[in-house]
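Chain residues, written in single-letter form:
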Amino acid sequence: MPVDQPAQLPTNDHPSLRWVGLTGAATALQVARAATQAPGPVLLVTNDAATAARMEDELAFFCAGAVPVFGFPGYETLPYDQFSPHPDIISQRLRTMARLPALKRGIVIVDLQTALQRLPPRTFIDGHALSLRTGEALDLEQFRLRLTSAGYASVPQVGEPGDFAIRGSLFDVFPMGSESPLRIDLFDDVIESIRSFDAESQRPLEKLPRLDLLPAREFSLSSAAIKDFRRRFRTRFAGDLTRMPLYRDVGEGLAPAGIEYYLPLFFDRTATLLDYLPARATVILPAEHDAGLRDAWCAVVERFEERRYDIEHPVLDPAEICVPADEWLAATTALPHILLGAARVLPALADMPATISLHPVPAVPVVDFRTEPAPSARIDQRREESLHAFADQLRFTEGRVLLAAESAGRRELLLELLRPYAITARVVGTWREFLDSDARIALTVAPLASGVTLREPAVTIYAEEQLFGERARQERRRRRSDRDPAKIIQQLADLRPGAPVVHEDYGVGRYTGLTTMDAGGMTAEFLVLEYAEGDKLYVPVQALARISRYTGAPAESAPLHKLGGEQWTKARARLRRFVTRRQSCLTSTHVALRARATPSRWTTSRCVHSSQDSHSKRPSIN
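Residues numbered from 1 in each chain as written. Predicted model: local features only at pLDDT ≥ 70, side-chain atom pairs only at ≥ 80, totals over all residues. Heavy atoms only, no water.

**Q** Can you walk me through the nonpolar core in this structure?
**A** Within the largest apolar cluster, 78 residues are counted, with the highest numbers of intra-cluster contacts made by L43, Y152, F229, Y262 and W328. Per element, the largest residue contribution to this core is five residues, and it comes from helix α9 (residues 289-307). When neighbours within four sequence positions are excluded, L43 is seen to be in contact with V108, V110, L273, L274, L277, T282, V283 and I284. (Core = buried A, V, L, I, M, F, W, Y, C linked by side-chain atoms within 4.5 Å. Buried < 20%, exposed > 50% of the residue type's maximum accessible area, 1.4 Å probe, protein only. Helix = DSSP H or I, 4+ residues; strand = E, 2+ residues; numbered from the N terminus. Contact = heavy atoms within 4.5 Å.)

If you want it as structure tokens, here you go:
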């Protein structure tokens, strides 16, 4: 797989192409190469949402800013569910829809089921986008009405995409598609400054010259849009409208849960993701995509049959909320497209380098990249022979080697494990940095699910799966609500003055009460935590999730840490070492069980004693 040669892309003579022989991370690598050389953006369609998330992570590593990568997530609800997607999901979808029509180069990733969804027309995104610059005059009341009609919610304090708050001359808004909320400071009716700020601490961040706002939803709640919705609803559904809460809620300007599956009632015509593609776009489809699309379509039809008899919650026909599979396939084949997946290659071509060769039936040009899985290299930190074998494997591997660790901590662990064997590995940050270096063995942090062996040039990429076995990989950062429920402080009423609490960053202190302070030009409430020597820490109530109950000892004997001291840092370090020892023991046992190997009596005994020692020396936060 020549990584620096021209990518194999569809042409006017062959608008359809098939890629085969792509193993592990080679698929993401080849898509990244294609995106840098394609005449327009690339739409990558995956079989499911999990594959889409994995490809988004891998492409971000291989592209490293050379081309932008956009995910287009699904609602994460079943068709016709009476639940609405999280605002973060809508924010990401709107950002992609806004950028895609004018995108000259980039990658958009979508799964098959989401690809069938009907979307608002392109004119809706353009017509409801707002832009402000410093120095411009702003009619605050008129702007508030425009935000409301675009779907933004007026709240006391912004916390998630789609919120806005007005406090005197300060206007806070969390734009859809933005990573952080923005604060507009007005002097009379002129915009004096626009800054991003941290939603939890209210601390101002970067100063910006302009503010671009997308609509907060994929439909409008303006008076005209509500009127059109109610008219279409009456035409579409028969029965007693007073028994249909959705009709009543929209009439009152509300967005009831599950309203997304009534999107066509807001517009005369809807669009699809293909309608947002520029004229020179290339589509990459997975193997057996036609069967996958039909399965996704059948799932929508089945849900329709389950829900169609609810007279209080009538539902639209499947073809109104999704594009039928055959229709979507016909539209796709009209575009330059690449098919991913195995295809039978002529025996005479088996020994040829990666090149275009005509496949006999059907007559679709085939590119065989002939990549191979990376060799297995299980590392057991507790077995010296395992480390010795891995070191020998690295020495005798043909060509160059890139070790991709899941985190910086794993990367440093690998460096430590290789040091006694006189193996020097250079740390690199990106794939391009590795290619440009002369290091034979390099280390990086990359979320690769599986490694690959390339032929041209000879490069072997080891992912963490090949290095440490099966791992607990987090595709997306978990929310703080996933913490231990027994330690979460659900609300301020759970706290009593004098109660010991644990702040994630500063350790154990005492809660003394609430106070009101001016922060960043606006008044907000803060929790007051007292630490050793009378030091006080003020925590915004929005950051309540960073505080946990203290459960290490009775409240009267709880310690009191010093702000800025080393006591809490050392306690966390001891806890990390304890967790690492336990994880190492459990991982070794799990690998042995999976391999159906009978561990030696010495190994089993060592694991048990290590666990017992860990319990007897459990770290304390005192």
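**Q** What exactly am I supposed to notice about unusual backbone geometry here?
**A** Only a minority of non-glycine residues have a phi that is not negative, and only a minority of peptide bonds are not trans. Positive phi values are uncommon outside glycine, yet A64 reaches one of about 50°. Relative to the helices and strands, A64 resides in the loop between α2 (49-63) and β3 (69-71). With relative accessibility at 37%, the residue A64 sits in the partly exposed group. A positive phi angle, close to 70°, is found at Y80, a residue other than glycine. With respect to the secondary-structure elements, Y80 resides in the loop between β3 and α3 (87-99).

**Q** What's the story with the packing of aromatic side chains in this structure? I'm lost.
**A** Each aromatic ring pair is characterised by the separation of its centres together with the angle its planes make. Here the structure, examined in full by the defined rule, presents 16 aromatic pairs. Plain terms: the ring middles of Y75 and Y261 are 5.7 Å apart, the flat faces sit at 85° to each other, and that makes the pair edge-to-face. A residue pair is termed long-range when its members are at least 10 positions apart, and Y75 in the loop between β3 and α3 and Y261 in the loop between α8 (245-251) and β13 (282-285) qualify at 186 residues. Y261 carries the same exposure label as Y75, and that label is buried. With centroids separated by 5.3 Å and ring planes inclined at 40°, the aromatic side chains of F233 and Y247 adopt a geometry described as tilted. Placement of F233 in helix α7 (residues 223-236) and of Y247 in helix α8 is noted, with a sequence separation of 14 residues between them. The same class applies to F233 as to Y247, namely buried. (Phe/Tyr/Trp six-rings, centres within 6.5 Å; stacked < 30°, edge-to-face > 60°.)

**Q** Mind showing me how you'd approach the pairing of strand β14 (residues 337-340) here?
**A** Every regular strand shows the same layout, with side chains that alternate between the two sheet faces. Side chains H337 and L339 project from β14 onto one buried face, and the interleaved I338 and L340 project onto a second face that is buried too. In terms of strand pairing, strand β1 (residues 16-20) meets β14 through four bridges, oriented parallel. Residue L17 lies in a different strand from β14, and its bridge partner there is I338. Where β13 meets β14, three bridges bridge the pair, whose relative direction is parallel. Within β14, the residue paired with I284 across the bridge is I338. (Pairing = 2+ DSSP bridges.)

**Q** Is there a simple way to explain the packing of helix α1 (residues 26-37) against α2 in this structure?
**A** Each pair of packed helices can be summarised by the angle the axes make with each other and by the distance between the axes. α2 packs onto α1 with a crossing angle of 55° between their chain directions and a minimal axis gap of 9 Å. With respect to each other, α1 and α2 are oriented oblique. Taken as a pair, α1 and α2 cross one another with a handedness that is right-handed. For the pair α1 and α2, contact is made by T27, A28, L29, V31 and A32 and by M55, E58, L59, F62 and C63, respectively. For the contact of α1 with α2, the per-class residue count stands at eight nonpolar, one polar and one charged. (Axes fitted to C-alpha atoms, helices over the stretch in contact; angles between N-to-C directions. Parallel < 35°, antiparallel > 145°, perpendicular 65-115°, else oblique. Left-handed = near helix turned anticlockwise from the far one by under 90°. Nonpolar A, V, L, I, M, F, W, Y, C, P; charged D, E, K, R; others polar.)

**Q** Even after reading the chapter, I still don't get the sheet that holds strand β10 (residues 190-197), so can you show me in this structure?
**A** Within a sheet, adjacent strands bond to each other through the backbone by hydrogen bonds, running parallel or antiparallel. Spatial ordering of the open sheet is given by β6-β7-β8-β9-β10-β11, a layout of six strands whose pairing is mixed. This sheet does not close on itself; its edge strands, each paired only once, are β6 (153-154) and β11 (204-208). In this fold helix α6 (residues 140-149) packs onto β7 (163-167), β8 (170-173) and β9 (182-187), with an angle of close to 160° to the strand it touches most, β7.

**Q** Explanation requested: helix α12 (residues 384-396) in the structure shown.
**A** Each α-helix winds once per 3.6 residues, and so residues spaced three or four apart point in a common direction. Over its 13 residues, α12 extends 19 Å from the first C-alpha to the last, a length consistent with the 18 Å expected when each residue adds 1.5 Å. Taken residue by residue, α12 has S386, L387, F390, A391 and L394 as its buried positions. Taken down its axis, α12 places every buried residue within 135° of arc, on the same side. Turned more than 90 degrees from where α12 packs its buried face, E384 and F396 sit exposed. (Expected span 1.5 Å × (residues − 1). Arc of directions from axis to C-beta.)

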